[in-house]
Amino acid sequence: MATARHDHWIDGRTHPPRGGARLPTLDPTTRAPGDEIAAGTAPDVADAVEAARRAWRDWADRSPAERGAVLHRIAEAVEADAPELSRLERACTGKTEAQLRLEIGMSAEYFRYYAGVVRAAGQGRVIEQGAGSHTYTRYEPYGVVGVITPWNLPLNQACRALAPALAMGNAVVVKPSEFTSTSTLRLARLATEAGLPDGVLNVVTGTGPQAGEALAAHPHVRRLAFTGSVATGRYLAGVAGGRLIPLTLELGGKSPLLIFADADLERASAAAVTALAANSGQVCSATARVLIEESVHDEVVDRIVTAAEKLRPGVDYGPLITEAQYDKVLGFLAGAGTPATGGGPLPGPGLYVRPTVYARVDPASRLAREEIFGPVLVTTAFTGEAQALRLADDTEYGLTAAVWTGDLTRGLRLAERIEAGQVSVNGGPLTVETPFGGYRRSGHGREKGLTALHEYAQLKTVSVGLR
Ligand code: NAD
């Protein structure tokens, strides 16, 4: 298929890049060139922020029910447009059908959830101070919010931040990853067609240094939400600190999956295989550090390896999304010793890495400590609950953890002790409703759930003397 050119989406219409430059994209399943996107620069960002600044007040003045109705229509539009959104997302990520269904379904769900939630929880409360006064609080939007997203779950992560931000009456400028911008551009068009006023959602594409930095630094951007790497998060925290504006940081992880001997080993091993295969391990919350009780360690590794060897490229797992990530993952594998399975690239032009498991890895090694962000699991054996907890927390990150045990009391004990933003015991689900975010260097602030609605609002107190 011929490649297409995509412009920015600003003030309800396409907007060619002011500098005239374009950036290429790549189909990671073949390494063939894909569509071109606009290489945004500071003047494009200024146009988008200006459009958002003009638009937010009228949007915020609408009732939560009116804003919710628009968000409902966006949810419906995303579902109806799933074939085209999938096509765009697949072209630059190579994601599998099942993964795309999941991500696009959840993208629509974010809008549906916040459409309802803002009507019930978007308002403040009355504070009783006795006769003679009437005091109440209001949640008010920031105005213009900047959202910067990564390449691993492009549409999904954009919607995760956009839905609560828009529900609360903000206008947003999104800067998606330069590798995976087209689904976010499409979303903005769908939102406009669904009745979102012009300027309330704008998308400026381009690189981090050219477009992202200009967005973070723009004086009219009053709040930032960033999902991506620790290095960029640290830089943006400095910018936000200097400007004294709030910032949500959803960063990386090296999350543990604990399997005790009394667990349902079949389901626990299947959970480990899901962490390996889902989006080829390019998931910030992937539980890629598998800690297994010594007495069942080898049996569980056998189960994982047997299942991993049945995974089919293109059906059960996709390619690495970027060339740089492919090189990075292969760099981890080179010189890492002999894996229990996998351990290198798949032959062919695509950026596929074989699902790889390293067993009995030294917890001090690079493989066990650094985020690989590819289809690679490492296992370590433990003896007893105290050692399991020590190993689980032996990381600078703290995004998620999973515990599998037949002893629910132990599961809950560990869930309360592990230093991570979310812990799933025996496969407990983490969904649109459940707050999501990191401890330690996995970031701060929360997305999803009721909490995120209030992250995109500032609380004002109004007090009236009645005497
Ligand atoms: P990245 O930090 O390189 O890029 C993320 C976004 O930031 C992109 O849009 C990029 O263009 C932009 N950016 C880069 N430099 C910038 C700068 N100086 N100023 C402003 N913007 C800049 O991250 P990535 O490689 O795209 O994504 C992978 C990382 O994201 C992994 O570490 C992963 O763990 C993390 N991640 C976290 C979550 C989460 O919710 N916690 C979800 C997905 C990915």
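Residues numbered from 1 in each chain as written. Predicted model: local features only at pLDDT ≥ 70, side-chain atom pairs only at ≥ 80, totals over all residues. Heavy atoms only, no water.

### Brief notes about the packing of helix α3 (residues 82-93) against helix α6 (residues 182-193)
For the pair α3 and α6, interaxial distance at closest approach is 8 Å and the crossing angle is 160°. Here α6 runs roughly antiparallel to α3, going by the angle between their axes. In this structure, α3 crosses over α6, and the sense of that crossing is right-handed. Residues Glu84, Leu85, Leu88, Glu89 and Cys92 of α3 form the contact with α6, whose own contacting residues are Thr182, Ser183, Arg186, Leu187 and Leu190. A per-class count over the contact of α3 with α6 returns 5 nonpolar, 2 polar and 3 charged. (Axes fitted to C-alpha atoms, helices over the stretch in contact; angles between N-to-C directions. Helix = DSSP H or I, 4+ residues; strand = E, 2+ residues; numbered from the N terminus. Parallel < 35°, antiparallel > 145°, perpendicular 65-115°, else oblique. Left-handed = near helix turned anticlockwise from the far one by under 90°. Contact = heavy atoms within 4.5 Å. Nonpolar A, V, L, I, M, F, W, Y, C, P; charged D, E, K, R; others polar.)

### Brief notes about the site of the ligand
Looking at the ligand, there are 29 residues lining it, with Thr149, Lys175, Ser229, Leu251 and Glu371 nearest. In the model, an oxygen atom of the ligand is placed 2.7 Å from a nitrogen or oxygen of the Thr232 side chain. Counting residues per element, the ones that place at least two in the shell around the ligand are α5 (154-167), α7 (208-217), β11 (223-227) and α8 (230-243). Along the lines of polarity and charge, the residues of the shell around the ligand split into 12 nonpolar, 11 polar and 6 charged. Of the domains in this structure, domain 1 (5-251) and domain 2 (256-431) are the two that each give at least three residues to the shell around the ligand. (Near = heavy atom within 4 Å. Polar contact = N/O pair within 3.5 Å; in protein donor to acceptor, adjacent residues only side chain to side chain. Domains from an automatic or database assignment.)

### Side note on the domain arrangement of the protein chain
Along its sequence, the protein chain is carved into domain 1 (5-251) and domain 2 (256-431). Just the C-alpha atoms count here: the centres of domain 1 and domain 2 sit 31 Å apart. Listed by partner, the interface residues are 21 residues for domain 1 and 25 residues for domain 2. Carbon and sulfur atoms supply 60% of the area buried between domain 1 and domain 2, which totals about 1,700 Å² over both sides. When the area that domain 1 buries against domain 2 is broken down by residue, the three leading residues are Arg31, Thr96 and Trp151, summing to 34%. At the boundary of domain 1 with domain 2, the tally comes to 1 salt bridge. Put simply, Arg31 and Glu323 hold a salt bridge, and the shortest N to O gap is 2.8 Å. Across the domain 1-domain 2 interface, the total number found is 6 residue pairs in polar contact (both at pLDDT 80 or more). Contributing elements (two or more residues each) for the side of domain 1 that touches domain 2: α3 and α4 (97-121). (Buried area = accessible area lost by both parts, 1.4 Å probe. Salt bridge = Lys/Arg side-chain N within 4 Å of Asp/Glu carboxyl O.)

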